[in-house]
Amino acid sequence: MAESNAINESNTSESSEFFGLLARYENPDSLVNGCHQARLAGYTKMDAFSPFPVHGIDGAIGIQKTKLPIIVFCVALMACGLGVFLQFYTNGYTNHSPIFPGYPFKISGKPMYSLPANIPVIFEVIVLLSAFAAFFGMWILNGLPKLANPLFRNQEFRRSTSDGFFLFIEKADGSFSETGTRGELQQWGAVSVDRITAPEDELQVPGYAKLGILIVASLILVPPVVIYRAQYTKNPLPRMHVNPDMDRQFRGQTQDASPIVNGNPLFADDRVMRKDPPGTIARGELARLEDSMFYHGVKEGSAEMTGDKPKDLISHSVETADDKEKAESQDVELDWAEEFPRQIKSVLSANASGMAIYNRGKQRFDVYCSACHGYAGYGDGHVSNRGMALNKQQKAEWVQAKSMFDPKVMSQPVGRIFDTITNGRGAMAPYRSQIPAADRWAIIVFVKSMQISKTATEKDVPQDARLQRWEQVDPLKNDQTTPPPEAADSEAADSEAGQAEKNKAEKNKAEKNKAEKNKAEKGKTAESKAASPEKSTEESSNKEPSAESPSGEPGN
Amino acid sequence: MATVDQKNDNTIEDPGTRAPLVLGGLDYKGVTDTVSNVAFGEGPPRIWYVVLGISTLLMGMLFGCVGHLIMTGVGVWGNNNPVFWGWPIVNFVFWVGIGHAGTLISAILFLLRQNWRTSINRAAEAMTIFAVVCAGLFPGVHIGRVWSFYWLFPIPTEHLAMWPNFRSPLLWDVFAVSTYATVSLLFWYMGMVPDIATFRDRAKNKIQRLAYGVLSLGWTGSARHWHRYEMAYVILAALATPLVLSVHTIVSFDFAVSQVPGWHTTIFPPYFVAGAIFSGFAMVVTLMVPARELFGLKNLITSRHLENMNKIIMATGLMVGLAYGIEFFIAWYGGNPYEQFAFVNRAFGSYWWAYWIMVSCNVLIPQLFWFKFCRTNPWVMVGICLFVNVGMWFERFVITITSLSRDFLPSSWAYFTPTPIDIMMLIGSFGLFFTLFTLFCRFLPMVAMSEVKGVLPHEEHDEDSSGHSEHEEA
């Protein structure tokens, strides 16, 4: 031991810094004794080193109880709060903050926030963060990692991790004097006592290491900066995909040719798109097949409906014919429904809903039909008028849109009109894809109302409405003794008639109410608002009370 | 110096004395030399290179399979409809269960002041870490798009604008397993720092000194450091104890919270935890018996240690057997026809062979440990433990596959057949595990030297001499 001391001390040069004295003890018990004696002698700046925790040394050397448990407990409480908040915020709470909004999960009808399901994650968060607190807190309190330590320069000290028990008394201690302390340590049972020194220059971090650390630290900053920059800069390129397997999929696109597999097309007909297998019915299509009245305007059980031909295309052949006029003459005539299907009839029979379906039909007529057929159904819509004007200049061969009051049309059963809307006729395109079946029927309700208005007599007017209004008020009635100054269709006549009636307050009031009502019900299209009060409402007020008034007029 | 002179057999029970934990009269330096010799001795035995070589090859096969799977998709597995959870989940539960023995030894036995744990806890904790690595691999690649793995965690991302569903047991699993892996790693590393410092002080060359020096964080063995270190160790043990129970409980929730017959049972959490400890201890014994032979640790990891572990294996094996019985009883007693069918189908359905392999390996074969010869003979105990490992893998297979393949709708019933990729990945995961473990044995302190020294009897103490005389008589 003396030899090793000599070696250690001979290594120390003048430029070395002296730290203190290191005493080695034979076993844990003598170390505890040595510490105890040192403490009694008044030393405070000292530490004991042993390969394993020696019992009784804490008291002997005067170690305060560590605050680590309190730190861990506080972290655990915070972790509990964090776990509750995390799950409440992300799953149980709706906010509209622009960044990281909550995302409420509604699952099995359970409450948005339910604690029991959150307990496992709360528990795991507590354990994880507490473990971090214990682990990192211990190292931080211990002042580790600290890779440079003057004690490591002492060869003998290496036994402290195997079988050596050491007591180190710092030079900085108030009671320290090198010779005196050395004597005391040997007196308290130390096997050997070494001076702990380290060359001063070695205590400094070398310059190249500083530079290296600086470079590495700067390089580490590069990726976060790049990521942060990418967060707010715009890039015209599409998003990069780590694995572009979703971009290139083995499947055919709509309308593509069949893929070639082993030199042959996968499907014999060379198409990717497949037809329905025979005998299958697509989802939602069963009713279309079974309810021929509602969906095709053809009477139940009619022979034409029993084949496997696509039912929407029964009269479709007319569309494909070259000569539209000829096609119309060769028209397919089926067993058309004479009356409205039961779904519509049941609605019509009730006052309120009957009026609603009429209004719906009128609104749809204004949207889809009026462009050609005109708001009043005379076949004088803007498109048709323009076409006829072009005809006159030999610039077009436009076929005049049908008037709803054409005798041929007047005689058509509702099913036939339905088929016309569905599949088109002559120059008229099919509207089945634009107008759902129920709306087509609503349009027919409106068209039929207009047609009735042409031929209606007093008998068609409900009794109560007639009493209230027409017998007292209407000077235009056919059977009245004084013929009205009328020309039913002309606006001038209408306005004259209006002026003639001006003195009759009731009539004015009724007219006004009705116009407002019609406006309200008419829908949003500007044309319909602009056009129909002039034509259709006045017309109907004059001529077809029965169609328009079932619910409207008695109310007035 | 303390010289403990004991006979070589410390398995003899003698009331009134404590059997010595360390044999061969090892003192502090002896313990250090014995353990350090593995890393700094004349090099590892040739068999170490053979094991490492084979393991590395198998690990390469595993990573090849993983690469193939990522490029192709999870269809390379045999998972089908309705067996959506095939071998990957079986392997996951198997490996997580293996890990539990390490935490049990390091945390629960520590809190229970079982000093014999000190010789085996380090290797068992290492086994935990490596088993969790293997376990995490399978659900990790099962998610399909592994590059989106971070969607599992509640990370605020603006482009996704979504959070995970915190009511899902699968999410609990993410939290539980990742917490478990992290805490186990901290616990293992913290316990190892004083021993790495020992290696640092015995390092022979500059590379070793640098590596062990950095890893040991400048540990000196200061009394002040030891004081906080011990406190942190107790706290970590106290945290790890409920954690280890919660992890396999939550793994069992993956099954029990669903409504599949045979899974939806409240017995799953305790049953899974018992099974995990059972399989984990079997793996510890399987690893320790060859390791103590090859690396000359027989004086530290003594027959008594192995015998104690075998007793635990038998106890947990009986618990698992009881759970099998209770499951059947409740299926009958509960009166649910689907549940009854599920269990009858397990034992006598198309997977009857797996069920009876499971029962034989887990319940019947461990009964041999009633005999002391079987508990102390290394060949017999390793054989039994291998059977237990096989049986516990089949337990997870039976639970996962039989229930899924026969769900509520008979039209969707199907038989599960693994693909070669399934089999190669299972074998490869053992390669990964053994590669890590072999490297650990060679380069890190395999026995917790500081803890063993702490429980060594001090010289000239009563305990030492009386123990000596007792064994003379025996």
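Residues numbered from 1 in each chain as written. Chains lettered and ligands numbered in written order. Predicted model: local features only at pLDDT ≥ 70, side-chain atom pairs only at ≥ 80, totals over all residues.

## Quick look at the overall build of chain B
When helices and strands are tallied, chain B shows 16 helices and zero strands. By the burial criterion, 50% of the 474 residues in chain B qualify as buried. Counted over contacts in chain B with a minimum sequence separation of 6, partners at least 24 positions apart contribute 81%. (Helix = DSSP H or I, 4+ residues; strand = E, 2+ residues; numbered from the N terminus. Buried ≥ 20, exposed ≤ 12 C-beta atoms within 10 Å, placed from the backbone. Contact = placed C-beta atoms within 7 Å.)

## Some words on the interface of chain A and chain B
On the chain B side, the residues contacting the 56 residues of chain A number 53 residues. Elements represented by at least two residues in the side of chain A that touches chain B include exactly α2 (28-40), β2 (46-49), α3 (57-61), α4 (68-91) and α5 (119-142) of chain A. In terms of residues, the side of chain A that touches chain B owes the most to one element, α5(A), which gives 14 residues. When grouped by side-chain class, the residues that make up the side of chain A that touches chain B number 35 nonpolar, 14 polar and seven charged. (Nonpolar A, V, L, I, M, F, W, Y, C, P; charged D, E, K, R; others polar.)

## Thoughts on the nonpolar core
The biggest cluster of nonpolar side chains holds 188 residues, and the ones touching the most others in it are A:L167, B:L236 and B:V284. At 18 residues, the largest contribution of residues to this core is made by helix α7 (residues 223-256) of chain B. When near neighbours in sequence (up to four residues on either side) are disregarded, B:V284 contacts B:A101, B:I120, B:A124, B:M127 and B:M309. Residues A:F294, A:I417, A:A442 and A:F446 belong to the second largest nonpolar core, which totals 28 residues. (Core = buried A, V, L, I, M, F, W, Y, C linked by C-beta atoms within 7 Å.)

## Brief notes about the pairing of β2(A)
Residues and elements named next belong to chain A. Alternating residues of β2 divide into M46 and A48 and D47 and F49, and every residue in both groups is buried. Pairing between β2 and strand β3 (residues 165-170): four bridges, direction antiparallel. Each bridged residue has a counterpart across the sheet, and for M46 the counterpart in β3 is I169. (Pairing = 2+ DSSP bridges.)

## Considerations on the pairing of β3(A)
Residues and elements named next belong to chain A. Most of β3 sits inside the fold, with five of its six residues counted as buried. The pairing of strand β1 (residues 16-25) with β3 spans six bridges and is classified as antiparallel. In the strand pairing of β3, R24 is matched with F166.

## Points about helix α8 (residues 268-294) of chain B
Residues and elements named next belong to chain B. In this model α8 runs 39 Å from its N-terminal to its C-terminal C-alpha over 27 residues, within 8% of the 39 Å that 1.5 Å per residue would give. Where burial is concerned, most of α8 is hidden: 21 out of the 27 residues are buried. Count one or two residues on from α8 and you reach G296, which has phi positive near 65°. (Expected span 1.5 Å × (residues − 1).)

## Section: the packing of helix α11 (residues 352-364) of chain B against helix α13 (residues 378-405) of chain B
Residues and elements named next belong to chain B. Orientation of α11 relative to α13, taken along the N-to-C sense of each, is 140°, at an axis distance of 8 Å. By the angle between their axes, α11 is oblique relative to α13. The interaxial crossing formed by α11 with α13 has left-handed handedness. From α11, A354, Y355, I357, M358, C361 and N362 reach across to α13, where they touch F387, V388, V390, G391, M392, F394, E395, F397 and V398. When the residues that make up the contact of α11 with α13 are grouped by side-chain class, the tally is 12 nonpolar, two polar and one charged. (Axes fitted to C-alpha atoms, helices over the stretch in contact; angles between N-to-C directions. Parallel < 35°, antiparallel > 145°, perpendicular 65-115°, else oblique. Left-handed = near helix turned anticlockwise from the far one by under 90°.)

## Quick word on the confidence of the model for chain A
All names here are of chain A. With 72% of its residues at a pLDDT of at least 70, chain A reaches an overall mean of 75. Looking across chain A, the model is least confident in helix α23 (residues 545-555), with a mean pLDDT of 41, and most confident in α5, with 93. Across residues 306-324 the pLDDT falls below 50, and counting only partners more than four positions away or on other chains, this stretch makes 29 contacts in the model. Low confidence marks residues 522-556, where pLDDT is under 50. Its contacts with residues over four positions away, or in another chain, come to 76 contacts. (pLDDT = per-residue confidence, 0-100.)

## Observations concerning the sheet that holds β3(A)
Residues and elements named next belong to chain A. On the basis of which strands lie adjacent, the open sheet formed by four strands has the order β2-β3-β1-β4 and antiparallel pairing. The open sheet terminates on both sides in strands that have one partner only, identified here as β2 and β4 (192-199). Along the sheet, successive strands turn relative to each other by an average axial angle of 25°, direction set aside. Across the sheet, α2 touches β1, β2 and β3, and the angle it forms with β3 is around 20°. Running over the sheet, helix α6 (residues 178-187) touches β1, β3 and β4 and is turned about 15° from β1.

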